[in-house]
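One letter stands for each residue in the lines below.
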Amino acid sequence: MTEQTRPDADARPSYKDTLNLLETGFGMRANAIQREPELQALWRERGIDLEMGLSNPGPVFTLHDGPPYANGALHMGHALNKVLKDIINKHRLMQGRQVRFVPGWDCHGLPIELKVLQAMDQEQRRALTPLKLRKKAAAYARKQMEGQMAGFKRWGIWADWDHPYLTLQKEYEAAQIEVFGTMALKGHIYRGLKPVHWSPSSRTALAEAELEYPDGHTSPSVYVAFPAVEAPQQLRAALQDQGVDLPADGDSLQSTLQVAIWTTTPWTLPANLAVSVNDRLDYCLADDGRGRLLIVAADLRDTLSEKLGLPLAAKAVVKGALLAGLAYRHPLLDRHCPVVIGGDYITTESGTGLVHTAPGHGVDDFNTGRKHDLPVLCPVDEAGTLTEEAGPFAGLNVLKDANPAIIEALEAAGALLLQESYGHRYPYDWRTKKPTIFRATEQWFASVEGFRNEALAAIDAVEWLPASGRNRIEAMVAERGDWCISRQRTWGVPIPVFYHRSSGEVLLNADSIAHIQALIAEHGADVWWEKDESELLPPSHQGEAAQWRKGTDTMDVWFDSGSSWAAVASQRDGLSYPADLYLEGSDQHRGWFQSSLLTSVAVNGQAPYRTVLTHGFALDEKGRKMSKSLGNVVDPMVIIEGGKNQKQEPPYGADVLRLWVSSVDYSADVPIGAGILRQLADVYRKVRNTARYLLGNLHDFDPGRDAIPVEALPLLDRWMLQRTAVVLDEISDAFERYEFFRFFQLLQNYCVADLSNFYLDIAKDRLYVSAPNDRRRRSCQTVMALIIERLAGAIAPVLCHMAEDIWQNLPYAVAEDSVFRRGWPVVPDTWRNESLNAPMQQLRDLRGAVNRVLEECRGRQELGASLEAAVRVDARSASLQSALTWLADHGDPEVDGLRDWLLVSQLQLGGEPWAELLASDDANPLAVIEVARARGEKCERCWHYESDIGQHADHPSLCGRCVAVLKRR
Ligand SMILES: [Zn+2]
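Residues numbered from 1 in each chain as written. Predicted model: local features only at pLDDT ≥ 70, side-chain atom pairs only at ≥ 80, totals over all residues. Heavy atoms only, no water.

Some details on the overall build of the chain
Stated precisely, the cut-off is as follows: A run of DSSP states H or I qualifies as a helix once it reaches four residues; a run of E qualifies as a strand once it reaches two. Both are numbered from the N-terminal end. Note on method: radius of gyration uses C-alpha positions; expected globular size equals 2.2 Å times residues raised to 0.38. By definition, residues are in contact when any of their heavy atoms lie within 4.5 Å. By the counting rule applied here, Lys and Arg register as positive and Asp and Glu as negative, while His and the ends of each chain are not counted. Charge coordinates come from a single atom per side chain, which is NZ of Lys, CZ of Arg, CG of Asp or CD of Glu.
When its secondary structure is counted, the chain shows 35 helices and 36 strands. Taken over C-alpha atoms, the radius of gyration comes to 39 Å for the chain, far larger than the 30 Å a tight globule of 969 residues would show. Along the first, second and third principal axes, the C-alpha atoms of the chain reach 135 × 75 × 50 Å. Long-range pairs, those at least 24 residues apart, make up 77% of the contacts in the chain with a sequence separation of at least 6. Each charge class in the chain can be summarised by its mean position, and for the 103 positive and 128 negative side chains these summaries are 4 Å apart.

A closer look at the sheet that holds strand 33 (residues 919-921)
As a reminder of what qualifies: Only strands that DSSP links by at least two bridges are regarded as paired with each other. Helix axes are fitted only over the stretch in contact, all axes being lines through C-alpha atoms; the angle between N-to-C directions runs from 0 to 180 degrees.
Taken together, the 4 strands give an open sheet; going across it, the order is 32-31-34-33, and neighbouring strands pair in mixed fashion. Here the strands that pair on one side only, and so sit at the sheet edges, are strand 32 (906-909) and strand 33. For this sheet the average axis-to-axis angle between neighbouring strands, irrespective of direction, equals 15°. Across 7 bridges, strand 31 (residues 869-875) lies against strand 34 (residues 927-933) in antiparallel orientation.

Some words on the packing of helix 27 (residues 715-736) against helix 32 (residues 837-859)
We apply this condition: Convention used here: angles under 35 degrees read as roughly parallel, angles over 145 as roughly antiparallel, angles from 65 to 115 as roughly perpendicular, and any remaining angle as oblique.
Contact geometry of helix 27 with helix 32 gives a least axis separation of 11 Å together with a crossing angle of 105°. By the angle between their directions, the pair helix 27 and helix 32 is classed as roughly perpendicular. Of the residues in helix 32, those in contact with L716, W719 and Q722 of helix 27 are N837, M840 and R844.

Let's talk about helix 17 (residues 510-523)
The condition is simple: Under the convention used throughout, the expected extent of a helix is 1.5 Å for every residue step, that is, one less than its residue count. Under the scheme applied here, a residue whose accessible area is under 20% of the maximum for its type counts as buried, over 50% as exposed, and between as partly exposed, the area being computed with a 1.4 Å probe on protein chains only. Pairs of N or O atoms are called polar contacts if they sit within 3.5 Å, as long as, within protein, a hydrogen donor faces a hydrogen acceptor (for residues adjacent in sequence, only side-chain-to-side-chain pairs).
Look at helix 17: 20 Å from first C-alpha to last across 14 residues, which is about the 20 Å you get at 1.5 Å a residue. Listing the buried residues of helix 17 in full gives S512, I513, H515, I516, Q517, L519 and I520. Each element contacted by the buried residues of helix 17 is listed here: helix 9 (170-185), strand 23 (498-500), strand 24 (506-507), helix 18 (527-530) and helix 19 (533-536). You can read the cap of helix 17 off the contacts: a side-chain oxygen lies 3.1 Å from the backbone nitrogen of D511, and it is on N509. Where helix 17 terminates, the next one or two residues include G524, which has phi positive at roughly 85°.

A short note on the sheet that holds strand 23
Spatially, 3 strands are ordered 24-23-25 in an open sheet, and the strand pairing comes out antiparallel. Single-partner strands in this sheet number two, and they are strand 24 and strand 25 (548-550). Two strands pair when backbone bridges link them, and strand 23 and strand 25 are joined in this way by 3 bridges, in the antiparallel orientation. In the strand pairing of strand 25, F498 is matched with K550.

Description of the pattern of salt bridges
We count it as follows: Think of a salt bridge as a Lys or Arg side-chain nitrogen and an Asp or Glu carboxyl oxygen that are within 4 Å of each other.
Throughout the structure, instances matching the rule amount to 59 salt bridges. With a shortest N-O distance of 3.8 Å, E533 and R501 are connected by a salt bridge. Of this pair, E533 sits in helix 19 while R501 sits in the loop between strand 23 and strand 24, placing them 32 residues apart in sequence. We classify E533 as buried; its relative accessible area is 12%. Several salt bridges share partner residues, and in doing so they unite D765, R776, R899, D900, E946 and R961 into one network.

Section: the coordination of the zinc ion
As a reminder, the rule being used: For Na, K and Ca the donor cut-off is 3.2 Å, while for other metals it is 2.8 Å, and in both cases only N, O and S atoms qualify; water is not among them, so sites may look incomplete. Think of it this way: with four donors and all angles in the 85 to 135 degree range, the site is tetrahedral; with four or six donors, opposite ones beyond 155 degrees and the rest between 65 and 115, it is square planar or octahedral; otherwise it is irregular.
Coordination of the zinc ion by the protein involves C939 (SG), C942 (SG), C959 (SG) and C962 (SG), with metal-donor separations of 2.2 to 2.3 Å. Metal-centred angles of 107 to 113° between the 4 donor atoms at the zinc ion mark the site as tetrahedral. Positions of the donor residues of the zinc ion along the chain correspond to the pattern C-x2-C-x16-C-x2-C. Separated by 17 residues along the polypeptide, C942 in the loop between strand 35 (937-938) and strand 36 (945-946) and C959 in the loop between strand 36 and helix 35 (960-968) bring together distant segments of the chain. For the pair C942 and C959, one class covers both residues: buried.

Things to note about the environment of P427
Within the fold, P427 resides in the loop between strand 17 (416-423) and strand 18 (428-429). Residues P427 and E212, 215 residues apart in the sequence, show an inter-C-alpha distance of 5.6 Å. Aside from chain neighbours lying at most four places away, what touches P427 is H197, L211, E212, Y213, P435 and T436.

Focus on the packing of helix 24 (residues 654-663) against helix 28 (residues 740-769)
Spelled out, the test is: Any residue outside Ala, Val, Leu, Ile, Met, Phe, Trp, Tyr, Cys, Pro, Asp, Glu, Lys and Arg is labelled polar, Gly included; the first ten of those are nonpolar and the last four are charged.
Two elements in contact, helix 24 and helix 28, have axes whose closest approach is 6 Å; the angle formed by their N-to-C orientations is 110°. Our classification of the angle between helix 24 and helix 28 gives roughly perpendicular. Residue-level contacts link L659, S662 and S663 of helix 24 to F740, F741, F743 and F744 of helix 28. When its residues are assigned to classes, the contact of helix 24 with helix 28 shows 5 nonpolar, 2 polar and no charged.

Observations regarding the nonpolar core
What counts is decided by this rule: Buried Ala, Val, Leu, Ile, Met, Phe, Trp, Tyr and Cys residues that are joined via side-chain atoms within 4.5 Å together make up what is termed a nonpolar core.
Ranked by internal contacts, the top residues of the largest apolar core, which has 171 residues, are W660, I788 and F820. Among the elements that line this core, the one with the most residues is helix 28, at 16 residues. Not counting residues within four places of it along the chain, the set of residues in contact with W660 comprises M76, L80, A618, V670, P671, I672, I676 and L680. In this structure, F226, C337, V380 and L417 belong to the second largest nonpolar core, which totals 72 residues.

Quick look at the side chain of D556
With respect to the secondary-structure elements, D556 resides in the loop between strand 26 (554-555) and helix 20 (557-562). Polar side-chain contacts of D556 include one of 3.0 Å to the side chain of W483.

Digging into the environment of Q908
When you line up the elements, Q908 lands in strand 32. We classify Q908 as partly exposed; its relative accessible area is 28%. As a C-alpha pair, Q908 and V873 span 35 residues in sequence and 6.3 Å in three-dimensional space. Other than its neighbours up to four places away in sequence, Q908 contacts V871, R872, V873 and W914. There is a polar contact of 3.0 Å between the side chain of Q908 and the backbone oxygen of G910.

Brief notes about the pairing of strand 10 (residues 274-277)
Side-chain alternation along strand 10 places A274 and S276 on one buried face and V275 and V277 on a second face that is also buried. Note: strand 10 against strand 15 (residues 336-341), 3 bridges, orientation parallel. By the bridge assignment, V275 is partnered in strand 15 with V339.

A word on the pairing of strand 8 (residues 218-230)
With respect to burial, strand 8 is a largely interior element, 10 of its 13 residues being buried. By the bridge criterion, 7 bridges tie strand 8 to strand 17 in an arrangement that is antiparallel. Note that in strand 17 the partner of S221 across the bridge is E420. Taken together, the 6 bridges between strand 8 and strand 9 (residues 257-263) define a ladder with antiparallel strand orientation. Following the sheet pairing, F226 is matched in strand 9 by V259.

Comments concerning unusual backbone geometry
Here the residue pair L465 and P466 is connected by a cis peptide bond, since its omega of -5° sits within 30 degrees of zero. Mapped onto the elements, P466 comes out in the loop between strand 20 (463-465) and helix 16 (468-479). The phi dihedral of R203 is positive, around 55°, even though this residue is not glycine. On the secondary structure map, R203 appears in the loop between strand 5 (189-199) and strand 6 (204-205). R203 gets classed as partly exposed once you look at its relative accessible area, which sits at 43%. For K433, which is not glycine, the phi torsion reads 65° and is therefore positive.

As for the packing of aromatic side chains
Geometry of an aromatic ring pair is reported as the spacing of the ring centres plus the angle between the planes. So the rule is basically this: In this analysis, rings of Phe, Tyr and Trp, with Trp reduced to its six-membered ring, are considered paired at centre separations within 6.5 Å, and the interplanar angle assigns stacked below 30 degrees, edge-to-face beyond 60, and tilted for intermediate values.
Applying the stated rule across the entire model yields 28 aromatic pairs. Pairing W565 with Y577 gives two aromatic rings, centres 5.0 Å apart and planes at 20°, and the pair type is stacked. Remark: Y577 occurs in the loop between helix 21 (564-569) and strand 27 (579-585) and W565 occurs in helix 21; sequence separation between them is 12 residues. For the pair W565 and Y577, one class covers both residues: buried. Members of the aromatic cluster, connected to one another through ring pairs, are Y666, F735, Y738, F740, F743 and W824.

Geometric values such as these leave the question of function open.
Shown next as structure tokens:
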């Protein structure tokens with residue numbers, strides 16, 4: 001349904017003036033660039049955005065914000081996340097819940113540190129002290145935060161913008177120190193030498209969450225033979241049984257028996273301290289045709305024979321358990337090493353089934369080494385350079401020249417069986433995009449093992465939406481190793497420990513934690529760098545300050561953000577811990593959801609959230625990741641304000657961005673692009689025009705004076721209220737379940753199918769043609785007023801600006817100065833009348849069938865407006881017949897006329913078939929439908945074809961009904 005300008009009425013202004021036309025200040029166009037900021041200012045002035053949430057009488061609702069990183073421009077991922085949160089908050093707020101949304105920012109960490117460093121030249125960097133770097137980093141983070149905050153505000157997000165939480169705030173840092181301290185005192189924090197993911201390019205340890213696995217990585221893999229120098233008696237005996245006699249002396253043994261291994265990191269060979277086997281696998285001694293026996297897994301013999309180009313004829317087969325106790329000579333360094341039993345991680349999927357073991361460079365290696373008392377040798381420094389312990393290879397870099405040099409040396413030593421490049425998943429530093437290595441270092445760990453079962457129980461008590469989230473995080477927590485929480489960087493919260501300068505003893509106790517926590521609460525974490533040990537040590541140790549050295553490690557930023565439940569949710573007024581809801585991207589199962597869970601469980605034995613809702617990622621319209629190189633990046637600010645070419649990229653406003661968020665099934669990845677935006681803008685316009693039509697027809701309506709009681713309304717109006725009640729129920733249910741795409745579909749269908757194409761289409765005659773105060777018009781206005789107020793409420797969480805704009809344009813007085821103060825729409829029971837559904841459905845179906853026949857005539861250009869038609873309906877189905885009877889018996893004679901509902905000038909029910917037809921439908925099971933040209937002449941005012949035109953001398957071109965209306969005006 002659209003507004004029609006009536007050319008006839010235009011030609012004769014006198015009759016146009018007698019129609020009741022639309023009148024409203026609510027524009028057809030949103031003019032969002034100007035209007036949305038005005039409405040936002042109105043919310044601020046009237047204390048609607050934050051104060052209302054704080055003063056609501058209902059129970060507290062806490063959606064605890066996951067902090068975005070304070071770096072870079074806002075993108076569609078931010079939009080999806082923050083708008084979803086805002087939709088939920090606004091809905092809860094309208095339900096009367098107490099809502100304080102505290103926005104957060106993650107401010108520490110390497111990317112910001114790097115930004116600061118990149119902005120400086122060589123000279124400046126040399127003069128840079130840790131403290132200067134921290135000041136610059138803090139200023140940078142705050143500036144970035146301010147930019148992002150301005151964007152969030154423009155999207156219509158409501159939050160406690162004056163009191164955000166930043167992980168660099170001193171009260172936040174102090175709370176984080178407390179979390180660390182409590183975990184330490186409970187025995188969950190320890191220091192240990194352990195291989196960790198190490199980034200030589202960043203010179204720091206990395207957490208799992210800081211790794212990425214790009215496609216296309218290849219490593220220079222090598223197959224190497226280690227000469228045996230000793231064979232245990234048991235093995236010798238077992239081999240003898242199979243006819244293989246090993247030489248007794250070591251020198252002969254070396255050339256006879258060799259252990260074959262495979263590695264993708266040749267640079268770790270100088271750190272080799274053992275070869276591990278799986279005790280349950282079969283291993284075979286295979287003759288290589290050159291006089292030596294190679295030990296390989298029996299299952300891999302054929303594959304290896306082909307790969308190495310050696311015959312590898314099997315001479316004997318033994319269980320891995322028997323190989324333990326073999327000793328071999330390191331082919332490059334002067335040392336003898338054992339073959340040991342590893343674990344089930346040793347398989348026959350690739351390699352040789354015997355695993356080169358360097359405890360300083362791999363987690364399995366480390367664990368196996370610990371079982372067999374091997375030292376943790378790590379001859380690689382923090383830049384990835386081999387140290388003196390690597391012998392002749394010292395000074396080479398493991399990611400550059402070490403591999404070729406070591407491969408060359410293997411070849412020279414006659415130990416190289418094969419070299420080939422090998423493509424596999426390999427961890428890279430997500431920031432520098434450079435490969436990482438495993439490197440054993442002294443690090444601080446949170447012992448997940450110490451509270452793993454509690455964490456799993458806590459996961460079980462949480463509601464995960466979608467449910468698959470539970471399995472994801474459960475598997476991750478069940479399998480994860482201890483959490484390495486120390487970083488060798490400057491821009492972060494210090495690990496608050498002291499080391500004894502001579503003994504290396506660590507000082508970390510209740511006293512020291514309390515003292516540092518108090519200092520940080522007062523001065524911020526800079527104090528760790530500003531003051532020396534004499535002030536940082538607790539009073540009990542200040543006398544011996546010279547003996548202690550403060551630590552230089554900072555905490556993993558995931559520990560920062562993972563402490564937000566302690567620093568924010570459980571500390572600030574108006575928030576609850578555990579929070580009602582955490583809502584982030586599905587990658588946070590291994591990020592923030594997990595770090596928050598681990599710290600909360602370790603300290604308090606419970607999850608920090610009751611429900612966790614996840615969303616996917618924003619992709620382009622073809623389902624591809626957005627990237628600058630593909631040129632498919634959609635910028636939320638361009639959606640709102642338009643791009644350089646406003647024809648191609650028009651300014652849609654924040655509401656269209658928000659409508660997009662509501663429209664997608666965010667449980668998976670979601671597409672966005674120019675085509676989708678055009679469709680959304682179309683839906684937006686339909687809703688807006690529906691609202692405008694309702695508002696425009698209410699300009700002379702005052703509910704207190706003109707409204708008709710619901711019980712006294714005609715059937716059509718009663719049905720419209722019943723239908724609205726059902727739609728609002730379904731919309732409420734969709735919001736409760738966070739299924740906003742259902743809201744989007746319901747809203748669209750309601751505005752288009754129920755209102756525009758049906759109820760309001762029929763209402764035109766009632767609204768325009770009647771005298772202003774006619775009951776048939778006032779009853780329609782009654783329904784329109786009831787609907788517009790609730791429609792505004794139902795769209796308010798999503799289309800907040802449009803909803804408020806509607807409210808501010810209501811043409812009559814209401815008690816509430818904002819749609820949000822009215823609260824979530826509820827409908828009185830008087831609206832509900834399910835007995836209307838069945839007959840109305842029959843009549844709507846009939847209307848659809850008649851419209852199809854009329855359309856057919858229009859298509860042949862035999863008919864213009866439907867009012868030019870006369871229709872005969874002969875009901876066939878019993879249900880239609882009874883609906884017609886119901887309408888005749890109970891319908892309001894002025895409103896519930898089927899002729900008016902069909903928008904035709906004449907209607908005949910039953911009777912003889914007509915002779916002169918324009919078209920007919922004989923096949924419809926509902927009814928026989930015949931269409932003919934309407935008899936009589938067209939009334940110039942109401943466009944109906946009537947036979948009583950010309951009977952009134954003053955109005956020769958009007959029908960009797962219109963003449964009567966004019967008399968009453
Ligand atoms: Zn008329």
